[in-house]
Amino acid sequence: MHEVPPPTSTSTPAPAPGPSSSAVPAEPLSHGLKQRHLTMLGLGGVIGAGLFVGSGAGIAVAGPAIVVSYLIAGALAMLVMRMLGEMSAAMPASGSFSVHAERALGRWAGFSVGWLYWFLLVVVLAVEATAAAQIAHGWVPGIEPWAWVLLFMVVFTAANLTAVKNFGEFEFWFASLKVGAIIVFLVLGLLAVFGWLPDTDPVGMTNLTGQGGFLPNGWGGVVSGVLTVVFAFGGLEVVTIAAAETDDPARAVGRAVRSAVVRILFFYVGSMLVIVTVLPWTAQQAGLSPYVKVLDAIGVPSAGQIMNIVVFVALLSALNANLYGSSRMIFSLAERGEAPRGLLKVSGGGSRESTGGVPRRAVLASVAFGFVSVLLNLLWPDTVFLYMLNSVGAVLLFVWALIAASQLRLRARLEQEAPEALSLRMWCFPYLTWVTLAGLFGVLLLMLTDEAARPQVLWSAGATALVLLVAVGRQWRERRGSTVADR
């Protein structure tokens, strides 16, 4: 294990492993992100098509108890983010949990989780670009979907190449629109429940207790709902990656994590509660937005087009965030000697905050693989790309598990060597950390028993095993080289 380049911040530096010849000095990244950018990134990063459209599948299997499914999945995500926030506040770095895993468990862990997360982001990027292109093609049929994909990729590549503040501004306004849409939806839904909208009668609790009751499919339906919705919380991790590019990373990530997890639970659980209260759960179906169904039911004109716009913005927001997160992750890997050193080149400029400090080669490397993923999705969506998508289907759970394992090791070390760096602490340590690990492995086991989810676990396990083999092989080769040199 080798030393990670210390972050540029005013926070107390965290203890790090000893130095290694493979450590690569890198130019500093920009500090162009503001607290408002980070806060809205935390709020909007996980509010996407998974919530606006994918939640219909969860309601179809769990009924009104989807609220409980979201509470369970959200609690897991909240605990993981609290752990990640603790480590990121104590030792902010552009590689975030990859750096933490390396410091806690060894180079193999940092290498593995970093490359797996990068692969996850660039593959999912293709799904988002393609879905956004399909919506745009519906509005302007004269332009083919591939042309829309090309346009989106070029625009967001340019935004990420010029300055980090451009990424921050895009995400700020995208997230603001999504958050605003959910708030308006919650207000309209509550008015409908109480019959305060024109030409409406109070709905009451009838839909929560009718059509089979609150648990129409029993607790098995709740568990199936968890498997359906847990991945909707993926994306919160980008907040801790972005925190390294603020003026005060330790303070910024602490504030962003504290505000994001609670508000996101409110938006997710609140939305689901409104949906299953206003309409019978049997009215929902997979593939159709439950938000559109509710807005249609309460008489909002052009509800479908309104939600199409919101989903379109959500997809572009996720595309932008994934491109940013993947570029910073591969930059951090290069910084630690785990990726080609050529990716360390950082742009210059008269003002580092406004024009410099951008890892342009890392951005281009990420977008290049993103283009490959998009091409595979357009040409072979049911074969080659489907295998790629399955290979990252459960990677998020592996990443979360490594975050928890890293926190177990680093918290004990920090309490002994730098307790003043623990400005944000995990609740009930270490008990809730162990509960989280048990919950994550429980979800993986349940996915193995689910016929639809099993291929994702198996393909993701295969991809993880392959990356681990490469990591262990690299470490063994370096040790062997050191031994030969010593002779």
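Residues numbered from 1 in each chain as written. Predicted model: local features only at pLDDT ≥ 70, side-chain atom pairs only at ≥ 80, totals over all residues. Heavy atoms only, no water.

A.B. asks: Lay out the overall build of the chain in plain terms, naming residues and giving numbers.
C.D. replies: Scanning the chain for helices and strands turns up 19 helices and 0 strands. Relative to a compact globule of 487 residues, whose C-alpha radius of gyration would be 23 Å, the chain shows 23 Å and is just as compact. With respect to the three principal axes, the spread of C-alpha positions in the chain is 85 × 55 × 45 Å. Residue burial in the chain is summarised as follows: out of 487 residues, 56% are buried. Within the chain, contacts between residues separated by at least 24 positions form 79% of all contacts whose residues are at least 6 apart in sequence. (Helix = DSSP H or I, 4+ residues; strand = E, 2+ residues; numbered from the N terminus. Rg over C-alpha atoms; globule rule 2.2 N^0.38 Å. Buried < 20%, exposed > 50% of the residue type's maximum accessible area, 1.4 Å probe, protein only. Contact = heavy atoms within 4.5 Å.)

A.B. asks: Break down a nonpolar patch on the surface for me, citing the residues and quoting the values.
C.D. replies: On the surface, W146, L150, V154, F371, L375, L378, L379, W380 and V384 cluster together into a nonpolar patch covering about 840 Å² of accessible area. Only α7 (145-162) and α15 (360-379) provide two or more residues apiece to the nonpolar patch. The element best represented in the nonpolar patch is α15, accounting for 4 residues. Along the polypeptide, L378 turns up in helix α15. Since its relative accessible area comes to 35%, L378 is described here as partly exposed. (Patch = residues over 30% accessible without salt bridge, like charges linked within 9 Å, V, L, I, M, F, W, Y side chains within 5 Å. Areas by Shrake-Rupley, 256 points an atom, 1.4 Å probe, with all protein chains shown as cover. Salt bridge = Lys/Arg side-chain N within 4 Å of Asp/Glu carboxyl O.)

A.B. asks: Would you mind going over unusual backbone geometry in detail, with residue names and values included?
C.D. replies: A cis amide bond links F429 with the next residue in sequence, P430, at an omega value of 0 degrees. Its place among the elements puts P430 in the loop between α17 (395-417) and α18 (431-449). Positioned with a positive phi, Q211 is a non-glycine residue whose angle comes to about 50 degrees. In this structure, Q211 sits in the loop between α9 (206-209) and α10 (218-229). Taking relative accessible area as the criterion, Q211 reaches 38% and is therefore assigned partly exposed.

A.B. asks: Please provide a residue-by-residue account of the confidence of the model for the chain, values included.
C.D. replies: Summary statistics for the chain give a mean pLDDT of 84 and a share of 91% for residues scoring 70 or more. Of the regions scoring below 50 in pLDDT, residues 1-26 engages in 69 contacts with residues more than four places distant in sequence or in other chains. Note that residues 350-354 has pLDDT below 50 and, in this model, 15 contacts with residues that lie over four places away or in other chains. (pLDDT = per-residue confidence, 0-100.)

A.B. asks: Describe α7, with residues and values.
C.D. replies: If you check α7, its first and last C-alpha atoms are 26 Å apart, about what 18 residues at 1.5 Å a residue would give, namely 26 Å. Among all positions of α7, only P145, W148, V149, F152, M153, F156, T157, A159, N160 and L161 are buried. In this fold, the buried residues of α7 make contact with α6 (107-139), α8 (164-193), α14 (303-335) and α15. (Expected span 1.5 Å × (residues − 1).)

A.B. asks: Got a sec to walk through the pattern of salt bridges? Specific residues and values, please.
C.D. replies: Counted by the stated rule, this structure contains 8 salt bridges. Here R36 ties to E169 by a salt bridge, and the two come within 2.4 Å at their closest N and O atoms. Of this pair, R36 sits in helix α1 (residues 35-44) while E169 sits in helix α8, and the two are 133 residues apart along the sequence. On the accessibility criterion, R36 (37% relative accessible area) is partly exposed. For the salt bridge of E102 with R336, the shortest nitrogen-to-oxygen distance reads 2.9 Å. Residue E102 is located in helix α5 (residues 97-105), and its partner R336 is located in the loop between α14 and α15; the two are separated by 234 residues in the primary sequence. The burial state of E102 is the same as that of R336; both residues are buried. A network of salt bridges, in which partner residues are shared, links E86, R411, E415 and R425.

A.B. asks: Describe the packing of aromatic side chains, with residues and values.
C.D. replies: Aromatic rings in a pair are described by how distant their centres are and how their planes are angled relative to each other. What the rule picks out here adds up to 21 aromatic pairs. For the pair W115 and W118, a centre-to-centre distance of 5.5 Å together with 80 degrees between the ring planes defines the contact as edge-to-face. Note that W115 and W118 are positioned in helix α6 at a spacing of 3 residues, about one turn of the helix. What links up through ring pairs into an aromatic cluster is the set F111, W115, W118, F119 and F369. In this structure, R36 packs its charged tip against the face of F172, placed 4.7 Å from the ring centre. (Phe/Tyr/Trp six-rings, centres within 6.5 Å; stacked < 30°, edge-to-face > 60°. Lys NZ or Arg CZ within 6 Å of the ring centre and 35° of its normal.)

A.B. asks: Run through the packing of α6 against helix α16 (residues 384-391), naming residues and quoting values.
C.D. replies: The interhelical angle for the contact between α6 and α16, taken along N-to-C directions, is 135 degrees, at an axis separation of 9 Å. Classified by the angle their axes make, α6 and α16 are oblique. Judged by the sense of rotation from one axis to the other, the crossing of α6 with α16 is left-handed. Contact residues: F119, V123, A126 and V127 in α6; F385, M388, L389 and S391 in α16. For the contact of α6 with α16, a count of residues per class yields 7 nonpolar, 1 polar and no charged. (Axes fitted to C-alpha atoms, helices over the stretch in contact; angles between N-to-C directions. Parallel < 35°, antiparallel > 145°, perpendicular 65-115°, else oblique. Left-handed = near helix turned anticlockwise from the far one by under 90°. Nonpolar A, V, L, I, M, F, W, Y, C, P; charged D, E, K, R; others polar.)

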